[in-house]
Amino acid sequence: MKTLILRSMAEVKKALESSDSRNINFIPTMGNLHDGHFELIRKAKKNKNINLVSIYVNPLQFNDIKDLDNYPRSLDKDLKNLTELGVSMVYLPEKAFNLNNTSTIQLGEIANKLCGKNRKGHFEGVATIILKFLLLIKPGQIYLGEKDFQQILVIKKIIKDFNFDLEVKTIPIIRGPGGIAFSSRNQRIKNINNLKKVYDCLCKIKIKIVEDNFYMKDLEYFEDNLIKSGVCKVNYLEILRESDLAELTSVPSKCRIFISCNIQGVNVIDNLSLKKVCFKEGGRLMTSS
Ligand code: AMP
């Protein structure tokens, strides 16, 4: 079937008017699509529902206008790829979708951690636009990648708090050569070796944890190493509980290593699941099977 390109809210409503929500998969993106996005789409396609992909560089989630202007866009190539993948509908919101929007969502604690610390209002901007999408599209499933792990928690929170009947489907991070997580922004980084070193750092921390040889203060050493070797400016490097991004305690829980850094002016985020359940004993991180 031909891929439908939708631009106005009226077109979206009309295209979906006779569809049951349960048969609608929604895959939100900001475009400049890569293998991470394609994997989300491949997963969505498995259930034979309508697949609606949005491409929208959401201005509300940028607190730096230069970052918004520099965000890489490649609409023609994206549309060609989405057509080849057999996506049912692509929604490219027009200005009216978010014109003079002054209402925003309050999210509480979850939005103040990790990326929320130095990107004030970022997750409120994400949540506001996702809420608009959900009200318009009324999907039964939303597809999200673990690359933006905190974003998944934020979206799950609005789904729960606003009583949406919506299933969240996730995929692990899709990585390319050297373990680099695919990202739309990567093409702006000339020295991809620095990206590899960020992933290496996560792997080295994980190895030490799995060997029960990791102390929380070691995070400073790893952070210093990245900075001193000129790899990047580190915004954060933390190990937190997966369910709510709380600090680790003596209670065993699933946890993850999170990093955000700035390489050549480009914001890079990554994370690595520890798979094992962890707890803190003194300053040491222990795993339990
Ligand atoms: P974005 O276009 O960056 O807003 O991402 C749209 C969706 O694709 C989000 O759910 C991201 O988490 C997901 N995504 C982006 N990059 C990757 C990746 N390398 N692996 C898995 N999912 C990804």
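Residues numbered from 1 in each chain as written. Predicted model: local features only at pLDDT ≥ 70, side-chain atom pairs only at ≥ 80, totals over all residues.

A. Local environment of unusual backbone geometry. If you check the backbone angles, Lys-48 has positive phi at about 65° while not being a glycine. Positionally, Lys-48 belongs in the loop between helix H2 (35-45) and strand E3 (50-55). For Lys-48, a count of 8 C-beta atoms within 10 Å translates into the label exposed. Even without being glycine, Leu-114 reaches a positive phi, approximately 40°. In this structure, Leu-114 sits in the loop between strand E4 (89-91) and helix H5 (115-118). Classification of Leu-114 as buried rests on a count of 23 C-beta atoms within 10 Å. (Helix = DSSP H or I, 4+ residues; strand = E, 2+ residues; numbered from the N terminus. Buried ≥ 20, exposed ≤ 12 C-beta atoms within 10 Å, placed from the backbone.)

B. Focus on the packing of helix H6 (residues 122-137) against helix H7 (residues 149-161). For the pair H6 and H7, interaxial distance at closest approach is 10 Å and the crossing angle is 50°. Classed by the angle they form, the pair H6 and H7 counts as oblique. Crossing angle aside, the handedness with which H6 passes H7 is right-handed. Between H6, through Phe-123, Val-126, Ala-127, Ile-130 and Leu-131, and H7, the contact on the second element is made entirely by Gln-151, Val-154, Ile-155 and Ile-158. Looking at the contact of H6 with H7 residue by residue, the classes come out as eight nonpolar, one polar and no charged. (Axes fitted to C-alpha atoms, helices over the stretch in contact; angles between N-to-C directions. Parallel < 35°, antiparallel > 145°, perpendicular 65-115°, else oblique. Left-handed = near helix turned anticlockwise from the far one by under 90°. Contact = placed C-beta atoms within 7 Å. Nonpolar A, V, L, I, M, F, W, Y, C, P; charged D, E, K, R; others polar.)

C. Layout of the site of the ligand. Around the ligand, 16 residues are found, and the nearest of them are Gly-36, Gly-145, Lys-147, Asp-148 and Phe-182. If you list the elements that add at least two residues to the shell around the ligand, you get H2 and strand E5 (141-145). If you tally residues by element for the shell around the ligand, the top one is H2, at three residues. Taken together, the residues of the shell around the ligand break down into eight nonpolar, six polar and two charged. Residue assignment places the shell around the ligand across two domains, with domain 1 (4-171) and domain 2 (177-288) each supplying three or more. (Near = placed C-beta within 6 Å. Domains from an automatic or database assignment.)

D. Seen up close, the domain arrangement of the protein chain. Domain parsing of the protein chain yields domain 1 (4-171) and domain 2 (177-288). Placing the centre of domain 1 and that of domain 2 at their C-alpha centroids yields a distance of 26 Å. Elements represented by at least two residues in the side of domain 1 that touches domain 2 include exactly H2, H5 and H7. Its residues assigned to classes, the side of domain 1 that touches domain 2 comprises seven nonpolar, five polar and four charged.

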